[in-house]
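# A structural walkthrough
Listed here are the chains, written in short residue letters.
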Amino acid sequence: MTAGLYIHIPFCEIRCGYCDFFTAANQEEQIPAYLQAICREIDLYSGTQEWQQQQFSTLYFGGGTPSLLTPTQIYDVITHAQKRFSFVSDSEITLEANPNTVNTAKLAACRHAGVNRLSLGVQSIHENELKFLDRDHTAKQSVSAFTAAQAAGFDNISLDLIYSLPKQQLQQWRQTLTHVVELAPQHISAYSLTYEEGTPLSTQLRKGRFAPASDERQRTLQLAAIDILGEHGLEQYEISNYAKPGYRSRHNQKYWDGSPYLGLGASSHSYLDNRRFWNVRNTAAYISALNQERLPVHGSEILTQDENEFESVYLGLRQSRGLQLTAFEQKTGVPFFQRYSSTLEKFFPPNIKQEQFQKELLGGSKSLNADLMQICDGYLRLTREGIMLCDAICSEFV
Amino acid sequence: MQTNKIRNFCIIAHIDHGKSTLADRMLEYTGTLGHVAVDQVLDDMDLERERGITIKAHSVTMQYKTNDKNTYTLNLIDTPGHVDFSYEVSRSIAACEGAILVVDASQGVEAQTISNLYLAMENDLTIIPVLNKVDLQSAQVEVVSKQVVDILGIEPEEIILASAKAGKGIKEILEAVVERIPPPEDLADKPLRALIFDSIFDSYRGAIAYVRIFEGELKTGSQIKFFSTGKTFEVAETGHMQLRRIKKNKLTVGEVGYCIAGVKQVEDTKVGDTITSAKKPASEPLAGYEEVKPMVFSGLFPTDNDDYEELRSSLERLKLNDSSLIYEPETSQALGFGFRCGFLGLLHMEIIQERLEREYNLSILTTVPSVEYKAYTKSGECILVDNPTLMPAAGELDYIEEPFISADIIVPTEYIGNIMKLSMDRRGTYKNTEYIDRTRANLHYEYPLAEIIFDFYDKLKSTSRGYASFDYHLLDYRKSDLVKLDLMLNGEPVDALSYIVHKDKSFDWGKKICSKLKELIPRQLFEVAVQAAIGHKVIARTTVRAMRKNVTAKCYGGDISRKRKLLERQKEGKKRMKQVGKVELPQEAFLAILKIE
C-alpha cells in the first residue's frame, strides 16, 4: 500500500460558521514562517526509517484555505516534499481552493507547480444558503472559478457541496445539484450539514435560532444526491463522495482502506501500522516546536486489536463497495465470521453456517441479501437503506 | 441502676416537622455531643439524609440534670418515619413509656402522626405535645393547638411551644420528659426479658441488637436465647448508645442499649423478638412479635447478565442488615436470570435498588412491582401469585383474590372532592369521615393494595397541593375481577412486561401502555410492533418506526479516532439497554406502567 501526504494550511480570510477544522482567520502574515516549519517537519520525518521507506502516491493541501498560498509557495513545498520523500510518478496532488481566491493565471501557475487535482468549495448555488454558511463568495464566482480551472488545464476537478441546511427544501437542493452537474466536474463531495461542537453554528442552534433539518429531510436530500449525481455518471463511492469512473480521490481513499498517511501542519493526523498520532492544534506552538527541531506531535494512540477490527469495519462499510472480507482477516488476523457471527444474525436470517460463509460468501460465489446489508462478491456492503443508517449499524460491530 | 431515674421515650412526628432537629438540640443541651453541634446526628445513612427520612431506628442515652439538681438517664428511641416501616415504629413505641408528639405549627396534624399517636396511646404511653416552628411567620399556633387539644383530650396548657431550630423550648421539653413520663417498672428480680426494637449489621461485630430491658438484666458473658428462633448465644458486649457504643458490664431493668453476641446475621436478631436468659428463661416472650411480611414484589435483574453472581452476593450482604428484604432466584425469558424480591413497600424497594446501584455499583433493572395475589384454580387449589407470569392460564383459573388495605387520609376539607375522585379511579370504597376541626377531615377508605403501591402517594399530594397525608394497614383478601395483560414486541411476548389489572381498566391500560412504550423505546434499525393482549386477544397496538438517518457525513484522517470513540460510546449507551429478541429496550420501558397517567 502506498502512502499519502497531507499538508494542512489553516489560514482563512474569514471563518465559516459550520467549519470545525483547525483554522486561523486573518493571520496570513504567519504563512512564510508556517511553510518553513512544514519544510522542517518534512525534513524530520524523512530522516526516520519508517517514513523514509514509504512510497507516496498522493499529496493533499487541505485547510483552511490552501489557495491563499502563492503558486511559488505551493511549488516550494511540493518540490521539497518530492525531494525528501519518494513519490510515484503519477502521484495525485490536490489543492483545496476557495472560489474567490483563484483566477485562470493563478490556477495555471499552480498547475505548473505540480497540482493536478483541484477541489473547489462551492457549497451551494443559492446566495441565501451561502450567506447562512458564512461563505465569502457568490455562486457566480464558483462557476467562474470552475471555468478558470478548466481554462488553466485542470481535468480533475472536485466540487464540495453542503446540504440539509435549516429550511432547505428538496427543490433548492435539486437546483444546486442539477446546476453543478451541468459543469461536468469529475468529482463531487456532498456533505450533510453537521453541527460540530464548538462551532458558531452549533452555538446558534443551541440558542434555538433555527431548527435543524429533520432526519426525514436529510434522508430525502441524500437520496436525491445519490440519484441525480448517479444519473450524470457520478457514482457514489463513499457516504459523501461521488466520482466519474477513474476519478475517485486516491488520497481520501487511503483514510478508508488502512493505508499509511503522514499529516503535516498544525492539527494534522497521521497513521502508520496501527499507530495514529496528531499535531498540536495551534499555529504558534507548531512553528515554535519546529524552530527547535522538535516534532510538533501532541498525542498518539496505538489501536488495540478491538479498535483495529472496528475501524476496519466502520471505514469499510462507509464505502459503497463495502468491506472486503478476506482483507479484514489479513489486516486483523481474525476471520470475519468468527468475530461477528452474532452481530450478523441481527441483520441476516439466523443460522448462517460458518462453513457456508467460508466456502461461498467469502469467496464471492454466492451472495446474501438483507434489508440493510448484503454480502456479495466477497464484500460486506450496506444497501441503499443501510447507508442511511451507517453509524447505527456500525455501532453494532463495536 | 434505679429505675426511677430512667425515662424512655420516642418522638412522634411527620416528615419535616422537625423531629431530627429537636433530637439534635436535646443531645446538645444534655452535653451528649460534647457541645459539638452536628446536624441531624440520628440519621446516619446517606440515603436517609437525602430523602429527608429516617429509615432505621436507633437509640441514644442522655444524662440530664433537672432544675432540682437530680440527674436522670433519658433514653431517646428514634422511629422510622415512613409508612413502609410501620411495624418497626410499633416496636420502638413498645419500648417506651412516653412519647413527644411534635407537630409543625404551620402545617398541623398529619395522617401518619395520628396513626403513630394512636399506636402510642394503645401502648399507654404518656404523650407530651410539642408545637414546633412556632417562630415561623406562617405558624398558626392557636389553630394547631386546638387540633392537638381535640385529638388528645388535654388542656391547652400542657402543650409546649418550641422552635427546635432556634433552641427554644428544649429545657421545658426535657423537664416534661422527667416530670410527666413514668419511670419503667422495677422488675429486676424476674428472668430476663428484653425487647429488640432494632438491629443493625456491623461487618466486624455481626448483628447488633438494640434492646429495652423489661425484666431482669443482660450481663456480659451470660448465655441468652432468642424466643423466635430458640437459638442461644453468649453476650460478648453490652452497653449504652451515645452516638457511639459505650461499653458497660450489664444492662439492668428499664435500661436501653445494645447487645453484641456473635450473631452472624440480622435475621437472628428480629425486630420485635424477645431476648431471655438461656439458663433461666422466661416462660413467655413479650407481646407483639410479628414476622414482617413483604407487601410489594418485583424482579431485580442485572442489566448485564454477567453480573448475576455479583447481584446475588450483593443481595446477600444487604440481607445481613435488612431482614425485611426477601429474595429468591427468578428466570425471565426476556431478562434472563435475576431475583424476585419482596419489599415492605415501594420506598423500601427504591432504597434497595439505589443501594445496589450506589454501594455495590451494579446496574439493575427492576420490573413492575406487584402485590401478592391468590389465584384459585378450578381444581380448588390456591396459588400465591407475586409475579404476573405465575398466573394460571384463563382456562384453569376459577377466580382471583387481591389484598385490600384500610387507609386514613387527612386533608383540608376543600380537597375532599379531589380525594374522592382519585379514590374512585383507584377502586376505593368510602367508609366514613371524621372532622379533626372545621378545616381538616380524616377520610377512611378501603383500597386494593395494588392501586396504591405505584404512585398513589404522589397523586394524593398533587391533588391536594401537598396537604394530604396518608397512612394504611393491611385488611384482608377479597375477590376481584382481574386479568393478566401481556405485552408483545414484534409478536414475541415479553414476560417481564406482563401486568395484572382490573378487567374494567384493561382496555384503557393496554392502549396507554402501548403508547407509553412507543414513547420510551428509541427508534431502532428495524421497525418494532408493540401489542397488548389478554389471552390470545390483541387489544391494542402501536409501531415504533425504524430510524431514518444515522450517519456521519465526514470521515477523513483527523476524524477517524473521534468517530470511533463516538460509536464506542453509542454502543456503551446501549449496554444499559436490555436486548429482547432483536429489540433493545431501555430500563424505563420495564416500568412503563408506572408512568401512565
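All of the points below concern the structure found in this document. Remember, it's a predicted structure, so these values are computed and weren't measured experimentally.

## Structural notes on the overall build of chain B
Counting secondary structure elements, chain B contains 13 helices and 33 strands. Taken against the 2.2 N^0.38 rule, which gives 25 Å for 597 residues, the C-alpha radius of gyration of chain B at 27 Å falls within 12% of a compact globule. Its C-alpha atoms give chain B principal-axis dimensions of about 85 × 70 × 55 Å. Counting every position in chain B, which comprises 597 residues, the buried fraction comes to 58%. Long-range pairs, those at least 24 residues apart, make up 69% of the contacts in chain B between residues at least 6 apart in sequence. As presented, chain B carries roughly 25,300 Å² of accessible surface, and 48% of it is formed by carbon and sulfur atoms. The average position of the 78 basic charges and that of the 88 acidic charges among the side chains of chain B differ by 6 Å.

## What about the interface of chain B and chain A?
Contact with chain B, which involves 29 residues of that partner, is made by 44 residues of chain A. Both faces considered, chain B and chain A share a buried interface measuring about 3,500 Å² in area, 54% of it formed by carbon and sulfur atoms. By the criterion of area lost to chain A, the three top residues of chain B are B:Arg548, B:Lys549 and B:Tyr556, representing 21% of everything that side buries. With its nearest N and O atoms 2.6 Å apart, the salt bridge here joins A:Glu216 to B:Arg548. Across the chain B-chain A interface, the total number found is 19 residue pairs in polar contact (both at pLDDT 80 or more). Among the elements that take part in the side of chain B that touches chain A, helix α13 (residues 560–575) of chain B stands out by supplying 11 residues, more than any other.

## As for the sheet that holds strand β20 (residues 364–366) of chain B
Residue and element names in this part refer to chain B. Pairing within the open sheet is antiparallel, and its four strands lie in the order β18-β19-β17-β20. Looking at which strands have only one partner, the edges of the open sheet turn out to be β18 (326–332) and β20. Within the sheet, the average angular offset between the axes of one strand and its neighbour, ignoring direction, is 30 degrees. Relative to strand β19 (residues 336–343), β18 runs antiparallel, the two being bridged by seven bridges. When the sheet's bridge partners are listed, Glu-330 is paired in β19 with Gly-338. Helix α7 (residues 308–320) rests against β17 (296–302), β18, β19 and β20 of the sheet, and its axis sits at about 15 degrees to β19.

## A few points about the pairing of strand β13 (residues 275–279) of chain A
All names here are of chain A. Counting buried residues along β13, four of its five residues qualify, which places the element largely inside the surrounding structure. Once strand β12 (residues 269–272) ends, the chain turns through two residues before running back antiparallel as β13, passing Asp-273 with a positive phi of about 50 degrees. Where β13 lies against strand β14 (residues 297–302), five bridges are found, and the strand directions are antiparallel. Residue pairing for β14: Asn-279 is matched across the bridge by Val-297.

## A closer look at the nonpolar core
The biggest cluster of nonpolar side chains holds 126 residues, and the ones touching the most others in it are A:Leu5, A:Phe336, A:Phe348 and A:Phe397. Setting aside residues up to four positions removed in sequence, A:Phe336 forms contacts with A:Val313, A:Leu323, A:Leu325, A:Phe328, A:Leu344, A:Phe357, A:Leu380 and A:Phe397. Among the nonpolar cores identified, the runner-up in size contains 83 residues, and B:Met349, B:Ile453, B:Ala496 and B:Ile500 belong to it.

Conventions and cut-offs
Residues numbered from 1 in each chain as written. Chains lettered and ligands numbered in written order. Predicted model: local features only at pLDDT ≥ 70, side-chain atom pairs only at ≥ 80, totals over all residues. Heavy atoms only, no water. Helix = DSSP H or I, 4+ residues; strand = E, 2+ residues; numbered from the N terminus. Rg over C-alpha atoms; globule rule 2.2 N^0.38 Å. Buried < 20%, exposed > 50% of the residue type's maximum accessible area, 1.4 Å probe, protein only. Contact = heavy atoms within 4.5 Å. Areas by Shrake-Rupley, 256 points an atom, 1.4 Å probe, with all protein chains shown as cover. Lys, Arg positive; Asp, Glu negative; His and termini not counted. Charge placed at Lys NZ, Arg CZ, Asp CG, Glu CD. Buried area = accessible area lost by both parts, 1.4 Å probe. Salt bridge = Lys/Arg side-chain N within 4 Å of Asp/Glu carboxyl O. Polar contact = N/O pair within 3.5 Å; in protein donor to acceptor, adjacent residues only side chain to side chain. Pairing = 2+ DSSP bridges. Axes fitted to C-alpha atoms, helices over the stretch in contact; angles between N-to-C directions. Core = buried A, V, L, I, M, F, W, Y, C linked by side-chain atoms within 4.5 Å.

The quantities given are spatial measurements derived from coordinates; they are silent on function.
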